[in-house]
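# Structural characterization, general
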Amino acid sequence: MFDQLDSLIFRFDEIHELLSDPSVISDTNRLRDLTIEEADLRPKVEKIKRYKQVETEIDETEEMLDEGLDPEMTDLAKTELSDLKTERQQLEDDIRIMMLPEDPNDGKNIIMEIRGAAGGDEAQLFAGDLLNMYTHYAESQGWRVEILDANITGIGGYKEVSLMITGDKVYSKLKFENGSHRVQRVPETESQGRVHTSTATVVVLPEAEEIDFEIDENDIRVDIYHASGAGGQHVNKTASAVRLTHIPTNTVVAMQDERSQLKNREKAMKILRARVFDQVQAEAQAEYDSTRKLAVGTGDRSERIRTYNFPQNRVTDHRIGLTIQQLDSILSGKLDDIIDALVLFDQTQKLEELNGPKV
């Protein structure tokens, strides 16, 4: 792994030269790709350069000690040497993590789908709580949230809601949210004060752009129909609702939120492309996954990944055994502790696979 360090520095310097090349500046796509690559390499190169500097300082300090110093200078040199070796170890660990193979989807935006599952009205209300939680978290990260489709119940819950979250490396932080989320609390309608258990499911799909994955238009059946429910006169007079069916995978997306048929089709196509892309990727990984348990959970969306216990103000992530006694804070969007722990666990698992388990 460390043999690659010089090549990364060389590539980083090469990109800097290319970014000042007029032919690159005039090529929007190439300029964008190089800018993204430069931003990705920068923190790695900074760590590598510091690592090389620390290595040099260790060698120089050891030479000074070998040559002999007065007692006071010897103590100072030994202290400095110890600090440098500690920093070197930390830099080595950091660099190993940075050099791990990246998920090719980590830099993508996402489409998230949240559905009330087992538990009726309470499950649908909890789906709304999860929507608020992810929305607040996204805002704290400087990301943009757009509701693509929502099926709202009469009591303010959600049978299902689809949203698009765009920003810097959204998928890398939210990809572990796939699965079944369980809530334990006393519903407002419960007269006996009994705790009920309900679930909502979360699906995180990396956004699939046409350059990543192209769907043959001949494989899509388009149905146009009148929207139903609230919406005014256009509901009955305008056929604006769109249903897209990807025939090879039997994936269906219906959209009626917008008054415009074109806008409904655009939104439906985003979701359809993401779902089909996700399915194709999952099938391609099936053989690999059968020989290796995924780093965080099994990836099965029916898997119960987390419990939100209201009576004890507790959130537990079952995949990594993490419990936090701050449920109210978590539901307000302060997810950093959970997400950081999941990312660290995933990195640790990958390091063990790369280097072999510690003896």
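Summarised in this report is the structure supplied together with it.

Cut-off values and rules
- Residues numbered from 1 in each chain as written.
- Predicted model: local features only at pLDDT ≥ 70, side-chain atom pairs only at ≥ 80, totals over all residues.
- Heavy atoms only, no water.
- Helix = DSSP H or I, 4+ residues; strand = E, 2+ residues; numbered from the N terminus.
- Expected span 1.5 Å × (residues − 1).
- Buried < 20%, exposed > 50% of the residue type's maximum accessible area, 1.4 Å probe, protein only.
- Contact = heavy atoms within 4.5 Å.
- Patch = residues over 30% accessible without salt bridge, like charges linked within 9 Å, V, L, I, M, F, W, Y side chains within 5 Å.
- Areas by Shrake-Rupley, 256 points an atom, 1.4 Å probe, with all protein chains shown as cover.
- Salt bridge = Lys/Arg side-chain N within 4 Å of Asp/Glu carboxyl O.
- Lys, Arg positive; Asp, Glu negative; His and termini not counted.
- Charge placed at Lys NZ, Arg CZ, Asp CG, Glu CD.
- Pairing = 2+ DSSP bridges.
- Axes fitted to C-alpha atoms, helices over the stretch in contact; angles between N-to-C directions.
- Core = buried A, V, L, I, M, F, W, Y, C linked by side-chain atoms within 4.5 Å.

## A look at helix α1 (residues 5–18)
Along its 14 residues, α1 runs 20 Å from first to last C-alpha, staying within 8% of the 20 Å computed at 1.5 Å per residue. Buried within α1 we find L5, L8, I9, F12, I15 and L18. Where α1 is buried, its residues meet α2 (22–25), α3 (28–67) and α4 (71–98).

## As for a negative patch on the surface
On the surface, a cluster of negative charge is contributed by D59, E60, E63, D66 and E67. Here D66 shows up in helix α3.

## Focus on the pairing of strand β5 (residues 196–206)
Note on strand geometry: in a regular strand, side chains alternate between the two faces of the sheet. In terms of burial, β5 is a largely internal element, eight of the eleven residues being buried. As paired strands, strand β1 (residues 110–116) and β5 are joined by seven bridges and run antiparallel to one another. By the bridge assignment for β5, I114 is matched with V202. Across seven bridges, the pairing between strand β4 (residues 179–185) and β5 is antiparallel. The partner of R182 across the bridge, within β5, is T199.

## Some remarks on the sheet that holds strand β2 (residues 144–152)
With respect to topology, eight strands assemble into an open sheet ordered β2-β3-β1-β5-β4-β9-β10-β11, the strand pairing being mixed. The sheet is open, and its two edges are formed by β2 and β11 (322–324), each paired on a single side. Recorded for the sheet is a direction-independent mean angle of 15° between the axes of neighbouring strands. Here three bridges tie strand β10 (residues 314–317) to β11, and the two strands are oriented antiparallel to one another. In the strand pairing of β11, T316 is matched with T323.

## Side note on unusual backbone geometry
Of note, K169 is a non-glycine position whose phi angle comes to about 55°, a positive value. Tracing the backbone through its elements, the reader meets K169 in the loop between β3 (158–166) and α6 (170–174). For N313, which is not a glycine, the phi torsion comes out positive at approximately 50°. Relative to the elements of secondary structure, N313 occurs in the loop between β9 (304–309) and β10. Its relative accessible area of 28% is what places N313 among the partly exposed residues.

## What about the nonpolar core?
In terms of nonpolar packing, the biggest core is built from 34 residues, with M112, I114, L130, Y134, L174 and Y308 touching the most fellow members. If you list the elements that add at least two residues to this core, you get β1, α5 (121–140), β3, α6, β5, α9 (327–331) and α10 (336–355). Broken down by element, the residue count for this core peaks at eight residues, all from α5. If we skip the residues at most four places from it in the chain, L174 touches I110, M112, Y134, Y137, W143, I165, V204 and I339. Among the nonpolar cores identified, the runner-up in size contains 19 residues, and F12, I15, V24 and L81 belong to it.

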